[in-house]
Amino acid sequence: MISRRGFLGLLGGAGLAIAGCGTEVSGEALTSALPLPPKFTVPLPIPKTAVPVRPGHYEVVQRASKMEIIPGTTTEVWGYDGMFPGPTFDLRRGSRTILRVRNELPVPTSTHLHGGVTPPDSDGYPTDLVVAPGQGFRPPHGDHSHHMSWTVHQGAKDYVYPLEQRAATLWYHDHRMDFTGPQVWRGLAGFLIVRDDEDDALPLPKGERDIPLMICDRAFEEDGSFRFPSLDPSLLIRPGVQDAYMEGVEGDVILVNGAPWPILEVDAVRYRLRLLNASNARRYRLALTPGGHFIQVGSDQGLLTAPVAHDAITIAPGERFDVIVDFSAYPVGTDVTMTDRLGGEVMRFRVTRKAKDDSATPKRLSAVEPVAPAVATRTFDFRRTGQGGGASWTINGQRYRPGRALATPHLGSTEIWRFTSDFHHPVHVHLARFHVLSRNGRPPALTDAGWKDTVDVRPYEVVDVLARFDGYRGRYMIHCHNLEHEDMAMMADFDVI
Ligand code: C2O
Ligand code: CU
Ligand code: CU
């Protein structure tokens, strides 16, 4: 138990506020010690595109660096190439890519490509670690560590991404056992966009009008450093503090591509926005003010069959929505704010000029793929188990234990997986892609359309998905993508056989 809870260490009571009673709130508020920056003044950054060292080979260094996130202060980030977000990998379907990740951080890491159809030894398993050269690794003491077998790569690991999958907005992030929350909070996340001929052939907005938006919340100390309820991720338990954040950590500053409440000047034309919720625990209900629609063209795993119009999009941690916004619907000079109807604002677009627009949103986007009938049904119950200091988040009553598989689907098969829950649990399945079949026996939400890899399961809900297991045999994971829940044992292995 001790090691599992280890990340919730310092900070004591100062500045900690407790929220979390409303049913829409999925974490607990962490308040910044510095004055919050003004909104809509910092220009939206666009993460730079990674360049291969030679065809098919990329290298990235996980290192600390200083960034000016809150104007006038500096923040130490732990980033891929020292950047937060990390570089965007812009790759094509079927272009087998070797990504060498070098670790120069004081902590072990494991890099997972979220949404990737990736062989198991490159999937970023939590105990498959990379440590900085000369940095030792001592397995944690405590409850389950004697069951764990660790793989430790000195200095670097080569991750192999065959990318035999449809065009989609994927993202990569740290997945280290027990410490994913604090390590992603410090900056270890970025985009990987898969493109293919089907998606390219559509007249959707392209180039500078195709923009990835990584949305996440953070809190800051007075000196600009990130505030998190553990100063040292290697620190073990500090009794009494951990329970305050068991539900998940929510910051009070909303960042998009690493900038607080940024602003983007846009032409009065269509844009394709690839929305990603990379927050540890926060859900958002995104909407546009003064009105307007998001026309959804893609989900976690690529194009929908046909566009779907939304007034508002609820996006849970790990989910992606690929949307078209037509800024020609607003007069030049309009400020269009992306708000969060669960409380707050996210960023602003300023419509600055008229321009030519060759793009369109076709009525048909992608062929309907037939899905074979399910050969099995399995239930995964996401629930808090135990009391007080002994409480943890569990799946089917079990805390995560590496190597113990809760399911063994056959390669190439389709199964119904039923997710039940006691709270907000964004459920993510590695390797597989799924369709949401029903919520509480009723039809899924409008925002559940398409192939997905993460689904927003709400308190006391029963969500059925039809999942396909294509790609590779081996050990994969299902887990809650609230990173504090994940770090507190709400994960399980499954073996594709
Ligand atoms: Cu995005 Cu296993 O995680
Ligand atoms: Cu994943
Ligand atoms: Cu959860």
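This one's a predicted model, so the numbers in the text were calculated from it and none came from an experiment.

**Topic: the domain arrangement of the protein chain**
1) Next: Under the domain assignment used here, the protein chain contains domain 1 (57-201), domain 2 (207-219 + 252-353) and domain 3 (377-496).
2) Next: Computed from C-alpha atoms alone, the centre-to-centre distance between domain 2 and domain 3 is 27 Å.
3) Next: Counting residues at the interface gives 20 residues for domain 2 and 18 residues for domain 3.
4) Next: Between domain 2 and domain 3 the total buried area reaches about 1500 Å² when both faces are included, carbon and sulfur atoms providing 51% of it.
5) Next: Looking only at domain 2, the three residues that lose the most surface to domain 3 are Asn280, Arg283 and Gln301, adding up to 33% of its buried area.
6) Next: At the junction of domain 2 and domain 3, the tally comes to four salt bridges.
7) Next: Those elements that provide at least two residues to the side of domain 2 that touches domain 3 are strand 20 (294-299), strand 21 (302-310), strand 22 (312-315) and strand 23 (320-326).

**Notes on the coordination of the copper ion (ligand 3)**
Tetrahedral metal sites with four donors have an ideal angle of 109.5 degrees; octahedral sites with six donors have ideal angles of 90 or 180 degrees.
1) Next: Around the copper ion (ligand 3), the protein supplies His425 (ND1), Cys480 (SG) and His485 (ND1) as donor atoms, at distances of 2.0 to 2.1 Å.
2) Next: Sequence positions of the residues that donate to the copper ion (ligand 3) give the spacing H-x54-C-x4-H. Of the two residues, His425 sits in strand 29 (residues 425-429) while Cys480 sits in strand 33 (residues 474-480), which places them 55 residues apart along the sequence. Across the pair, Cys480 and His425 agree in class, each one buried.

**Concerning the pattern of salt bridges**
1) Next: Within this structure, the stated rule accounts for 36 salt bridges.
2) Next: As a salt-bridge pair, Lys157 and Asp128 come within 3.0 Å of each other at their nearest N and O atoms. Here Asp128 lies in strand 7 (residues 128-131) and Lys157 lies in strand 9 (residues 156-161), a separation of 29 residues in the sequence.
3) Next: Given a relative accessible area of 8%, Lys157 falls into the buried group.
4) Next: In this structure, Asp335 and Arg350 form a salt bridge, with 2.7 Å as the shortest nitrogen-oxygen distance. Linking Asp335 in strand 24 (residues 335-340) with Arg350 in strand 25 (residues 345-353), this pair joins segments that are 15 residues apart in sequence.
5) Next: Assessed through its relative accessible area of 27%, Asp335 is described here as partly exposed.
6) Next: The exposure class assigned to Arg350 is partly exposed, which follows from its relative accessible area of 32%.

**Some words on the pairing of strand 7**
1) Next: A two-sided burial pattern is seen for strand 7, the buried positions comprising Asp128 and Val130 on one face and Leu129 and Val131 on the other.
2) Next: Here strand 7 pairs with strand 8 (residues 151-154) via four bridges, running parallel. When the sheet's bridge partners are listed, Val130 is paired in strand 8 with His153.

**Observations regarding the nonpolar core**
1) Next: Of all hydrophobic cores here, the largest spans 57 residues; its most connected members are Leu213, Met338 and Phe349.
2) Next: Residue-level mapping places this core at the junction of two domains, with at least three residues from each of domain 1 (57-201) and domain 2 (207-219 + 252-353).
3) Next: Once you skip the residues sitting within four places of it in the chain, Leu213 turns out to touch Leu44, Phe191, Val256, Asn257, Leu273, Arg274, Leu275, Leu276, Met338, Met347 and Phe349.
4) Next: With 31 residues, the next largest nonpolar core counts Val117, Ala391, Phe423 and Ala467 among its residues.

**Quick word on the sheet that holds strand 3 (residues 75-80)**
Where strands meet in a sheet, backbone hydrogen bonds hold them as pairs that are either parallel or antiparallel.
1) Next: Ordered in space as 3-2-5-9, the four strands form an open sheet in which the pairing is mixed. In the strand order of this sheet, the two ends are held by strand 3 and strand 9, each with one partner. For this sheet the average axis-to-axis angle between neighbouring strands, irrespective of direction, equals 20°.
2) Next: As paired strands, strand 5 (residues 97-103) and strand 9 are joined by six bridges and run antiparallel to one another.

**Re the coordination of the copper ion (ligand 2)**
1) Next: All of the protein donors around the copper ion (ligand 2) are His112 (NE2) and His428 (NE2); their distances to the metal are 1.9 Å. Of the two residues, His112 sits in strand 6 (residues 111-114) while His428 sits in strand 29, which places them 316 residues apart along the sequence.
2) Next: Overall, His112 belongs to the buried group, its relative accessible area being 1%.

Criteria and thresholds
In every chain, residue numbers begin from 1 and rise along the written sequence. Each chain is given a letter, starting from A, and each ligand a number, starting from 1, according to the order in which they appear as written. Whole-chain, interface and lining totals are the exception, using all residues; otherwise, since this is a predicted model, local features are given only for residues with pLDDT of at least 70 and side-chain atom pairs are given and counted only at 80 or more. Side-chain metrics rest on all non-hydrogen atoms present in the structure, leaving aside hydrogens and water. How far each domain reaches was decided by an automatic or database domain assignment. Only heavy atoms matter for contacts: two residues are in contact if any of them lie within 4.5 Å across the pair. Throughout, buried area stands for the accessible area (probe radius 1.4 Å) lost by two parts on being put together, summed over both. Salt bridge, as used here: a side-chain nitrogen of Lys or Arg that lies within 4 Å of a carboxyl oxygen of Asp or Glu. The helix count covers DSSP runs of H or I at least four residues long, the strand count covers runs of E at least two residues long, and both are numbered beginning at the N terminus. Distances define the donors: N, O and S atoms within 2.8 Å of the metal qualify, as do those within 3.2 Å of Na, K or Ca. Water is excluded, so some sites may look unfinished. Think of it in three bands: residues with accessible area under 20% of the maximum for their type are buried, residues over 50% are exposed, and the middle band is partly exposed, with areas taken using a 1.4 Å probe on protein chains only. Strand pairing requires that DSSP identify at least two bridges connecting the strands. Nonpolar cores were defined as sets of buried Ala, Val, Leu, Ile, Met, Phe, Trp, Tyr and Cys residues, with membership established by side-chain atoms within 4.5 Å. Angles shown run from 0 to 180 degrees and are taken between the N-to-C directions of axes, each axis being a line fitted to C-alpha atoms and, for helices, limited to the stretch in contact.

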